[in-house]
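In case you want the letters, here they are:
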Amino acid sequence: MQTVLSGIRPTGDLHLGNYFGALRNFVRLQNDYNCFFFVADYHSLTTHPHPADIQNNVRKILSQYIASGLDPEKSTIYIQSDLVETAEFYMLMNMNAYIGELERVVSFKEKARQNPDNVNAGLLTYAVLMACDILIQRADLVPVGKDQEQHLEMTCKFARRFNNIYGVEYFKEPKAFSFGDHLVKVPGLDGSGKMGKSEGNGIYLIDSDKDIRKKVMKAVTDLGPQAPNSEKPEVIQNLFTLMELVSDKSTIEHFEAAWNDCSIRYGDMKKQLAEDIIKVVTPIRERINDIYNDTEYLDRVAKMGAEKARVNAQKTIQDVREIFGFRRIHY
Ligand code: ADP
Ligand code: TRP
């Protein structure tokens, strides 16, 4: 069975973009692949979170992952920093990563531009750590959005370089996992193309019904269709795109027809959209609250995940130590 691996930085709550763009697809994969899902808390250090917030943010992601349908019995769900093997591997791999190539990574350049006062070495070697997450599990497939593609290419480069330097065929190159037709981009409701945390336009899995209604009712619209069967401007298409994710076929058809014959009332459409989003979010939110408050359960999940994740990680770090010229040791 092929291995799929994905990580997410614990920087806050998950929104519908995360859910429809990633999580819901991960849930589908669980029966057909050996899945590894982890919370990349080491990575989050590049932006200097307050120590008091880290564990809470990790707990948020774990509970929101599980409430969305990731199953700790089927998949390996773990916390990156529980696998200290990754840290040693990262230190070793940094010796064969070059400053020039790291400085050319687009995400590094962007972050450095946005935060010129915090261009730390961890930020520079972000891609090395990510490569280590992937290679330590010897993952076959990594689902990546556009912004992570270059990191995956770097992973392949580091794997190839390792094999070349030491004359081994140890690492295989991971491939990007494609969700094909299932890959959706969830739009924002503020006229921006994408729902995102940094865009500040998220509908979150923990939002109350009231929050959701308020956010949807505020969605940007236009004056309405000016002629029958006209093309939809982006802000209106965004409403329809969201509807396609949460509403019944008949509902969508109803509003499509209303758009086409110019009888559409955006207020009605938004009301319907809000209720349909609520139908998806409410059961998830209720599960999140239960799981988040069950610290014992979450501790057990994290421990079980770390134990499962450690099987590959230990083997890899032992082999890698030996290939680098060190002794194999017992941790
Ligand atoms: P944010 O943009 O809120 O910071 P992240 O980059 O942490 O979100 O998202 C983690 C993953 O969730 C992404 O790699 C992507 O797969 C998915 N995702 C996030 N936002 C969207 C979106 N608007 N549409 C589709 N997928 C998304
Ligand atoms: N860099 C990823 C992000 O920001 C998170 C991540 C860390 C990751 N390690 C990974 C994703 C390994 C996939 C595989 O979204």
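Residues numbered from 1 in each chain as written. Chains lettered and ligands numbered in written order. Predicted model: local features only at pLDDT ≥ 70, side-chain atom pairs only at ≥ 80, totals over all residues. Heavy atoms only, no water.

### Considerations on the side chain of Asn201
And then number 1: As for its position among the elements, Asn201 is in the loop between β5 (175–177) and α10 (209–217).
And then number 2: Its relative accessible area of 9% is what places Asn201 among the buried residues.
And then number 3: Among the polar contacts listed, one links the side chain of Asn201 to the side chain of Asp190, at a separation of 3.2 Å.
And then number 4: Leave out the neighbours within four places in its chain, and Asn201 touches Gly188, Asp190, Ser192, Lys194, Met195 and Gly196. (Helix = DSSP H or I, 4+ residues; strand = E, 2+ residues; numbered from the N terminus. Buried < 20%, exposed > 50% of the residue type's maximum accessible area, 1.4 Å probe, protein only. Polar contact = N/O pair within 3.5 Å; in protein donor to acceptor, adjacent residues only side chain to side chain. Contact = heavy atoms within 4.5 Å.)

### Regarding the domain arrangement of the protein chain
And then number 1: The domains assigned to the protein chain are domain 1 (3–184 + 295–324) and domain 2 (209–289).
And then number 2: For domain 1 versus domain 2, the separation of C-alpha centres amounts to 35 Å.
And then number 3: The interface of domain 1 with domain 2 comprises nine residues on the first partner and eight residues on the second.
And then number 4: Around 720 Å² of area is buried between domain 1 and domain 2 when both sides are counted, 80% of it from carbon and sulfur atoms.
And then number 5: When the buried area of domain 1 at its contact with domain 2 is split by residue, Leu16, Phe20 and Ala67 rank highest and sum to 62% of it.
And then number 6: Our count for the domain 1 to domain 2 interface comes out at zero salt bridges.
And then number 7: Our enumeration of links across domain 1 and domain 2 arrives at one residue pair in polar contact (both at pLDDT 80 or more).
And then number 8: Elements that contribute at least two residues to the side of domain 1 that touches domain 2 include exactly α1 (16–29) and α3 (51–67).
And then number 9: Of the residues in the side of domain 1 that touches domain 2, the class split is five nonpolar, three polar and one charged. (Domains from an automatic or database assignment. Buried area = accessible area lost by both parts, 1.4 Å probe. Salt bridge = Lys/Arg side-chain N within 4 Å of Asp/Glu carboxyl O. Nonpolar A, V, L, I, M, F, W, Y, C, P; charged D, E, K, R; others polar.)

### Some thoughts on the site of ligand 1
And then number 1: In the region of ligand 1, 13 residues are neighbours, and His15, Val186, Lys194, Met195 and Lys197 sit closest.
And then number 2: Within the contact set of ligand 1, an oxygen atom lies 2.7 Å away from a side-chain nitrogen or oxygen of His15.
And then number 3: Backbone polar atom of Val186 to a nitrogen atom of ligand 1: 2.8 Å apart, as the coordinates give it.
And then number 4: In isolation ligand 1 has 540 Å² of accessible area, and contact with the protein removes 79% of it. (Near = heavy atom within 4 Å. Areas by Shrake-Rupley, 256 points an atom, 1.4 Å probe, with all protein chains shown as cover.)

### A closer look at a negative patch on the surface
And then number 1: On the surface, Glu286, Asp290, Asp294, Glu296 and Asp299 cluster together into a patch of negative charge.
And then number 2: Listing elements by their share of the negative patch, those giving two or more residues are α13 (266–293) and α14 (295–324).
And then number 3: By the secondary structure assignment, Asp294 is in the loop between α13 and α14.
And then number 4: A relative accessible area of 34% means that Asp294 is categorised as partly exposed. (Patch = residues over 30% accessible without salt bridge, like charges linked within 9 Å, V, L, I, M, F, W, Y side chains within 5 Å. Lys, Arg positive; Asp, Glu negative; His and termini not counted. Charge placed at Lys NZ, Arg CZ, Asp CG, Glu CD.)

### Considering the packing of aromatic side chains
And then number 1: Scanning the entire structure with this criterion turns up 15 aromatic pairs.
And then number 2: An angle of 25° between the planes, with centres 5.4 Å apart, marks the rings of Phe38 and Tyr78 as stacked. You can see Phe38 sitting in strand β2 (residues 34–39) and its partner Tyr78 sitting in strand β3 (residues 76–79), a full 40 residues away along the chain. Both residues of the pair, Phe38 and Tyr78, count as buried.
And then number 3: Taking 4.8 Å as the distance between ring centres and 80° as the angle between the ring planes, the aromatic pair formed by Tyr170 and Phe171 counts as edge-to-face.
And then number 4: For Tyr170, a relative accessible area of 19% corresponds to the buried category.
And then number 5: The exposure class of Phe171 is buried, given its relative accessible area of 4%.
And then number 6: Members of the aromatic cluster, joined through ring pairs, are Phe26, Tyr33, Phe37, Tyr65, Phe177 and Phe179. (Phe/Tyr/Trp six-rings, centres within 6.5 Å; stacked < 30°, edge-to-face > 60°.)

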